[in-house]
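Notes for the structure review
Listed below are the residues making up each chain.
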Amino acid sequence: MLNFIGCGSAFNIALGNNGAFIKKDHVLFLIDCGSSTFARLQKTNLLEDVEEICILLTHTHCDHIGSLGDLILYGYYSMNKPAEANVCVYAPNDLNIKPLLQMMGVEENAYKLIQFSESAEYQYADFHIDFESIKVSHVKELKSYGYIIHYENKTIYYSGDCNDIPADILNRQNNGGFDLFYQDTCIAEYEGNVHLSLKKLDKLMDAKAREKVYCMHLDNGFNEDEAKKLGFNVVAPII
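So, a few notes on the structure that sits alongside this text.

What counts and what doesn't
Residues numbered from 1 in each chain as written. Predicted model: local features only at pLDDT ≥ 70, side-chain atom pairs only at ≥ 80, totals over all residues. Heavy atoms only, no water. Helix = DSSP H or I, 4+ residues; strand = E, 2+ residues; numbered from the N terminus. Polar contact = N/O pair within 3.5 Å; in protein donor to acceptor, adjacent residues only side chain to side chain. Pairing = 2+ DSSP bridges. Axes fitted to C-alpha atoms, helices over the stretch in contact; angles between N-to-C directions. Contact = heavy atoms within 4.5 Å.

1. Re the side chain of Asn 86
Mapped onto the secondary structure, Asn 86 falls in the loop between helix 3 (68-78) and strand 5 (87-92). Only 3.1 Å separates the side chain of Asn 86 from the backbone oxygen of Lys 81, close enough to count as a polar contact.

2. A look at the sheet that holds strand 5
The 6 strands are arranged 1-2-3-4-5-6 in an open sheet whose pairing can be described as mixed. Unpaired on one side and paired on the other, strand 1 (3-6) and strand 6 (112-116) mark the two borders of the sheet. Pairwise comparison of adjacent strand axes, ignoring direction, gives a mean angle of 25° for this sheet. Across the sheet, helix 3 is in contact with strand 3 (27-31), strand 4 (52-56) and strand 5; its angle to strand 5 comes to roughly 145°.

3. With respect to the side chain of His 64
Within the element layout of this structure, His 64 appears in helix 2 (residues 62-65). There is a polar contact of 3.0 Å between the side chain of His 64 and the side chain of Asp 161.

4. Regarding the sheet that holds strand 8 (residues 127-135)
Taken together, 7 strands build an open sheet; the order of strands is 7-8-9-10-11-12-13 and the sheet is mixed. Pairing within the sheet leaves two strands with one partner each, and these edge strands are strand 7 (119-124) and strand 13 (233-234). In terms of strand pairing, strand 7 meets strand 8 through 6 bridges, oriented antiparallel. Within strand 8, the position partnered with Ala 120 by the bridge is Phe 131.

Spelled out as structure tokens, the structure:
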């Protein structure tokens, strides 16, 4: 259902910054836009025939917004209708997107910013998607969010960066409540970890619920075979 332009952690340059996408009906829907994302979009020609881009943000670490300004300016100057805002940015109210973009030299007229408290929807022509924000635990310095996404009669959980799974989300998954479940997972295991280790995921997730779980945001040394032996899936980037 979701494709990935990259599926690595901040320092896993081989896999690129983690970011999911859907391309359909001249729309490119992205979750996050990390430092390597714009270059990968160019290399894969994913921007061809796109009339509007929608970007849903989880938090403001560089590996999730590092090339957001580049993509917005590309949309404004080089896509569809030049000198118009062809990029929509969606983010929860307490993510300070506008000041960050101002510091990048991106003026407000170059993009559309939609900030919301709990849920929102995006529609362009026949493309429609809606999402509900879920607060997750990541780092104390930043607010971080996962999302429950509804798209084409599927209910998807996308964790964003987090070191735990909210209790209600875990209970819902263990009881078959999601069609797909994308989880930040790392091989690193240490006290104070800001990401969810594979060992912890193994402890949390019921065996019967693992078929629909996809590990993402993979750190250097992540053992895909080990994750698959435990019953989980592992996402792969398109390049």
